[in-house]
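# Survey of secondary and tertiary structure
What follows is the residue order along each chain.
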Amino acid sequence: MRFPFSIRSAAFPALLLTLAVAACDDDDPTDPGRPQDISITVAPAAVTILQGEMATVTVTLESTGGYTETVTVFAENAPGGVGISQETIDGGAGTATIEIDASVIADIGTTTITVTATGPGVSSTSTTFDLTVESAGGFALAVDPAVVNLTLGDSARATIGIARIAPFDGPVELAIAGGPDGLTKTLDSTMVGGDSTFVSLVADTAVANEGRFTLIVRGLGEGVSGDLIGFLVTIVR
C-alpha cells in the first residue's frame, strides 16, 4: 500500500517547525555560535547645559555571540572647559551614566561629542550626541570715582557698581585689597544683592604714607566667573 501524500503531509509541518527554530536561533544575540560584537546608543541625543552646571547622558550597551566582557565607555571631542567622565559596563550588556561637567569658563556653543565603547576581543563601536553649552551670565564691577583723592586724617567714599549679565541674578561677594599701611578700607556690605555698595577709606595721619596707590576690588558669584577691578587712591597732606 502506498501513502505518498499522507507521509509528505506529516513531514512538511515538522520541516517548517525545524526551519522556524533555526531562524529564531539566528536572531538570538546570546547565541554563542554568532560572532561576538558590541553596539551602543546614547540618550538623550542632544544636551544643553549652562556654564558651571552638570548634566548626564545614558549609554546603553548591547552585545551578540554571548559576549560577557567588561566594556569601557569614553567620550571625545569635548569643548574647552568641559569634562566628561569615563565609565565601564560589566557583563557585555547594560547601561552607564556619563557625567558632563561644564566649568564657569567653558567654551560656549554646540559640539558633536563622540562616545566610544571598547572591550577585549571585539571591535570598538561609536555613536554621537550634541552638546550645547550656554552662557551662565555673570557680572561686571565698576568703581566711581576711578581716582579717589584723600587727605591724611580724612575719609572718602567710592561707589562699587555691579552690573549683572542674565541669567545670573545672584548675590556677589566683595573683597578689597591693596594700599599702604594706615589706610583703612571698609565695605558697607561684603555680600551684595543689589546693584551697588560703598567703600569707605580713611588715611591714618600717623601711619599712612603719601602717594598714589592701586586698590583692587574682587567679586565672586556662585556658578559664574569672578571679576576684578582696580582704582587709584591718591593720599596727600
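Conventions adopted
Residues numbered from 1 in each chain as written. Predicted model: local features only at pLDDT ≥ 70, side-chain atom pairs only at ≥ 80, totals over all residues. Heavy atoms only, no water. Helix = DSSP H or I, 4+ residues; strand = E, 2+ residues; numbered from the N terminus. Buried < 20%, exposed > 50% of the residue type's maximum accessible area, 1.4 Å probe, protein only. Contact = heavy atoms within 4.5 Å. Areas by Shrake-Rupley, 256 points an atom, 1.4 Å probe, with all protein chains shown as cover. Pairing = 2+ DSSP bridges. Axes fitted to C-alpha atoms, helices over the stretch in contact; angles between N-to-C directions. Salt bridge = Lys/Arg side-chain N within 4 Å of Asp/Glu carboxyl O.

### Focus on the overall build of the protein chain
- Within the protein chain, the regular secondary structure consists of 1 helix and 18 strands.
- Expressed as a percentage of the 237 residues in the protein chain, the buried residues total 33%.
- Here the contacts in the protein chain between residues at least 6 apart in sequence split such that 63% fall between residues at least 24 apart.
- Total accessible area on the protein chain stands at roughly 13,000 Å², and carbon and sulfur atoms take up 53% of it.

### Quick notes on the sheet that holds strand β14 (residues 183-187)
- Spatially, β10-β12-β16-β14 is the arrangement adopted by the 4 strands of the open sheet, whose pairing is antiparallel. Only two strands of the sheet have a single neighbouring strand rather than two, namely β10 (138-144) and β14. On average, each strand axis in the sheet is tilted by 25° relative to the strand beside it, whichever way the strands run.
- For β10 and strand β12 (residues 155-165), the ladder comprises 7 bridges, and the chain directions are antiparallel. Bridging from a neighbouring strand, A140 pairs with A163 of β12.

### A closer look at the pattern of salt bridges
- Going through the model one piece at a time under the given rule, you end up with 3 salt bridges.
- The salt bridge involving D188 is made with R157; its shortest N-O contact spans 3.2 Å. A residue pair is termed long-range when its members are at least 10 positions apart, and D188 in the loop between β14 and β15 (191-192) and R157 in strand β12 qualify at 31 residues.
- Judged by relative accessible area, R157 falls into the partly exposed class, the value being 46%.
- Salt-bridge contacts for R164 lead to D195; the nearest nitrogen and oxygen are separated by 3.8 Å. Taken together, the residues span a long stretch of sequence, with R164 in strand β12 and D195 in the loop between β15 and β16 (196-203) at a distance of 31 residues.

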